[in-house]
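# Structural overview
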Amino acid sequence: MRIPADHWLLALRTVLAVWLALFLSMRLDLYQPAWAILAVMIVTLQPVMFTGGTPPIGIIIGRSVARLFGTLFGAIVGLVMIALFGQQPMLYLLFAGAWLAFCMYWVMLEQDEHLGYVMMLSGYTATLVSLTAIGTGVDNIWSVAQGRFSETALGIGCGLLAHVVIAPRFGSRALPSALSRFLSQAATGTLTTLAEPRSQTRSQPRSQATRDAPLKALFQHYQQFEKLRGLARLETRRLSHFIPALDRFASDGLALITAVRELETALDYLRHCDDGERWLTELRQQALPLLRAIESEPDGKPTERLSLADFDWKDDAIAPRTRARAELVRQRLGEVLGLLQHGRRLRNALDDPTSSKVKALPRQRRSRVTHNEHFVARYNAFRVFIAFELLGQIWVHSGWHSGYLAMMLLGVFTMLFAKAPTPAAVVYQFLWGSIAAVILGGILLFLVLPAINGFPLLAIAIGIPVAIGTLMTPHPRWSLIGLAGAITMMTLLNLHSTYTFSPTSYINGGLASIIGTIASMITYSLFRQRSAQERIETLMTAYWRGLGRLLREKSLPNRARLESRLYDRLGRLVALGGSDSAVREAIDLHALALCVWRIRRLRDALGPHRAEIEAWLGDIGRRVVARRRHDPAVWHELADEAVGWGERLYHQAHLPIASIGEIAMLGHLMREAPGVALEARAGEATDESLDESLDGPGDADSETTASTSTSTANATPGGSRHAD
């Protein structure tokens, strides 16, 4: 297999950083030089599993800083636990397991990747430090804690230095082009919707798949922009004053996706009016020049904000239905154009940070409200605690001296892979890497190292397995095996300044590593996490409850906070569903909630109909929450009620056309039966799991094991952390 030049360059960085960390740690006579090498490999190789090559320097910086603070906090907690419970093994197991569970609960709920990484490191570093002290003597606890932190800091510094000095890759440099692609794609989708001929809409409408594909492409462009946006604050000070504006557009970008989808729905219903094309032509004349300019040149000079002119019509000459639908299209198109122009101003400012227009960009971040899956967090915390306590009882009562190594790996693996789609399959691949590392490490330790004299030969002997593991890591099929092998080998090698020939200790340590890995795999197999479909069902239940409160409660939430929570759920639904239809359904659900928010915001303008409409909305809220699953018939019934309200209000000249249009849009969205397919998929999965539990145990991970190598290699930043 041909190895790309980027992978050779990555191996060069890793080997040089390992050599520097090994030299300094031995020169300074630190506690365990292998810990410094371990930190180098994790800082260097862990992000490779997400990127498939040399990661951007921003990822390396973020992980390095988070690992430094996480190790510091974990070392302090380990010191405290040994000081309090060093002579009380049962109390130690109880409190160490409780600390792991607490950190796991935090990690599963924390949306900030770096803060979550700090808590994850704090969790298992505390057990690493305390268990190492127990295995080598509790009197050495200060040396162990100090050595763990100092050598981790040394390894982090060496790995970071290698990435900064040797051909650094700055991901934030691609941020402007990612924003341009997103804006261009949004303009293209809007143009396609506006230019769709009437005959095609009425006689041969585009298939749902044809409509969903561009929406998913737009969402993917947004995700790429969001990923690079997170690197901007870490990689360069040039864009530091853009951070609030970039954060603001992160929310506006999602609002743009929803607005494009709502515009498509509003246009479909306007085209069903006999004279709808007439008013649509008027809107095209105003909007098409700007849309074409943004499509072809999203980084062009921004123009004055375009506001669509009001329609020049006589109320008695235009059908009320046409008037309401045309006004709704004008509002949605105006929202799309406003968001596109906002994005274009930001894009133009990125090219000219010294421009005076930069001062006009937002300076404050919007508040973020996330949807927390507390059940998932509690379950993972419980799983970690039970596994740690059970293996701890075996270790204590068996009297196996090296059992603390198995406990260490159990704590590490149960923390690291909890967010992986199939953690048992991930640990299974790690197991094979660990077995290979134990065998090869024994050959290196007992056949090669005794014949070595001097640092140059030692560096060569260490550099060869490090280079092999580094070259394997970028490939999805071998990434876990390569990383596990390199890390396990470095952990087991005796790299103190004085060489000790101790085969018995090495064999015990190798067996403990393998047993700890197997214990983690058994834990994940017995305490299986909720499937993606079951989590979708939980998310849908939370969504219906939130929608019910939005429909019934008197006070309205802040729109920015509402959008933040809605779009957090949207991201989760898309990540769990993944298909084009899942993207469209998730966006429809959130468009429905925002439409309800707009109706209730305009409630004061409903005049004498306000109380009756609010009672109707409250009834919808009760019906939505009361049902476990919704079917198209329910949505069609609700849509018919909305149409009925529209027919009643069309002829109310004193009512604002915006309120009538929003009620019409609510009916259109409910006609699409949002969430039905997602609920059906989750329900089928739940029924299948129930049948399996009644018929007998099934294949634990038969469906997901086959795709583990791909899914883990392409995991998102919020996914599993394959390292230590």
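Residues numbered from 1 in each chain as written. Predicted model: local features only at pLDDT ≥ 70, side-chain atom pairs only at ≥ 80, totals over all residues. Heavy atoms only, no water.

### A word on the packing of helix H14 (residues 374–398) against helix H15 (residues 403–416)
- Contact geometry of H14 with H15 gives a least axis separation of 10 Å together with a crossing angle of 175 degrees. As far as their axial angle goes, H15 and H14 are roughly antiparallel. Listed contacts from H15 to Val384, Ala387, Phe388, Leu391, Gly392 and Trp395 of H14 are Gly403, Tyr404, Ala406, Met407, Leu410 and Thr414.
- Residue classes in the contact of H14 with H15 are distributed as nine nonpolar, three polar and no charged. (Axes fitted to C-alpha atoms, helices over the stretch in contact; angles between N-to-C directions. Helix = DSSP H or I, 4+ residues; strand = E, 2+ residues; numbered from the N terminus. Parallel < 35°, antiparallel > 145°, perpendicular 65-115°, else oblique. Contact = heavy atoms within 4.5 Å. Nonpolar A, V, L, I, M, F, W, Y, C, P; charged D, E, K, R; others polar.)

### Digging into unusual backbone geometry
- Phi is positive for Asp29, close to 55 degrees, though the residue is something other than glycine.
- Looking at where Asp29 falls in the secondary structure, it is placed in the loop between helix H1 (5–27) and helix H2 (33–45).
- Judged by its relative accessible area of 54%, Asp29 is exposed.
- The phi angle at Ala167 is positive, at roughly 45 degrees, despite the residue not being glycine. (Buried < 20%, exposed > 50% of the residue type's maximum accessible area, 1.4 Å probe, protein only.)

### Things to note about the environment of Ala677
- Here Ala677 is to be found in helix H26 (residues 676–695).
- The class for Ala677 is partly exposed, based on a relative accessible area of 39%.
- Remark: the alpha-carbon pair of Ala677 and Ala582, spanning 95 residues in sequence, is separated by 8.1 Å.

### Focus on the pattern of salt bridges
- As enumerated under the stated definition, the model contains 26 salt bridges in all.
- A salt bridge links Arg535 to Glu373, with the nearest nitrogen and oxygen atoms 2.7 Å apart. Highlighted residues: Arg535 in helix H20 (residues 532–552) and Glu373 in the loop between helix H13 (320–351) and H14, separated in sequence by 162 residues.
- Its relative accessible area of 22% is what places Arg535 among the partly exposed residues.
- Under the relative-accessibility criterion, Glu373 is labelled buried at 10%. (Salt bridge = Lys/Arg side-chain N within 4 Å of Asp/Glu carboxyl O.)

### Looking at the nonpolar core
- Counting 110 residues, the largest nonpolar core has Ile257, Leu340, Leu547, Trp635 and Leu666 as the members making the most contacts within it.
- Among the elements that take part in this core, helix H11 (residues 243–271) stands out by supplying 15 residues, more than any other.
- Every residue in contact with Leu340, bar those within four places of it in the chain, is listed here: Leu183, Ala186, Ala187, Leu256, Leu291 and Ile294. (Core = buried A, V, L, I, M, F, W, Y, C linked by side-chain atoms within 4.5 Å.)

### Looking at the environment of Asp588
- Within the element layout of this structure, Asp588 appears in helix H22 (residues 580–601).
- Apart from the residues lying within four places of it in its own chain, the contact partners of Asp588 are Arg261, Glu672 and Pro674.

### A look at the packing of aromatic side chains
- Tallied over the entire structure, the rule returns 17 aromatic pairs.
- Each ring, one from Phe69 and one from Phe73, has its centre 6.3 Å from the other, and the planes form 45 degrees; the classification is tilted. Of this pair, Phe69 and Phe73 both sit in helix H4 (residues 57–85), four residues apart, roughly one helical turn.
- Taking relative accessible area as the criterion, Phe73 reaches 39% and is therefore assigned partly exposed.
- Both rings, one in Trp616 and one in Trp645, keep their centres 6.2 Å apart while their planes meet at 45 degrees; by these two values the pair is tilted. (Phe/Tyr/Trp six-rings, centres within 6.5 Å; stacked < 30°, edge-to-face > 60°.)

### Comments concerning a nonpolar patch on the surface
- On the surface, a cluster of nonpolar side chains totalling about 540 Å² of accessible area is made up of Val65, Phe69, Phe73, Ile76, Val80 and Leu84.
- As for its placement among the helices and strands, Ile76 is situated in helix H4.
- Using a relative accessible area of 45% as the deciding quantity, one classes Ile76 as partly exposed. (Patch = residues over 30% accessible without salt bridge, like charges linked within 9 Å, V, L, I, M, F, W, Y side chains within 5 Å. Areas by Shrake-Rupley, 256 points an atom, 1.4 Å probe, with all protein chains shown as cover.)

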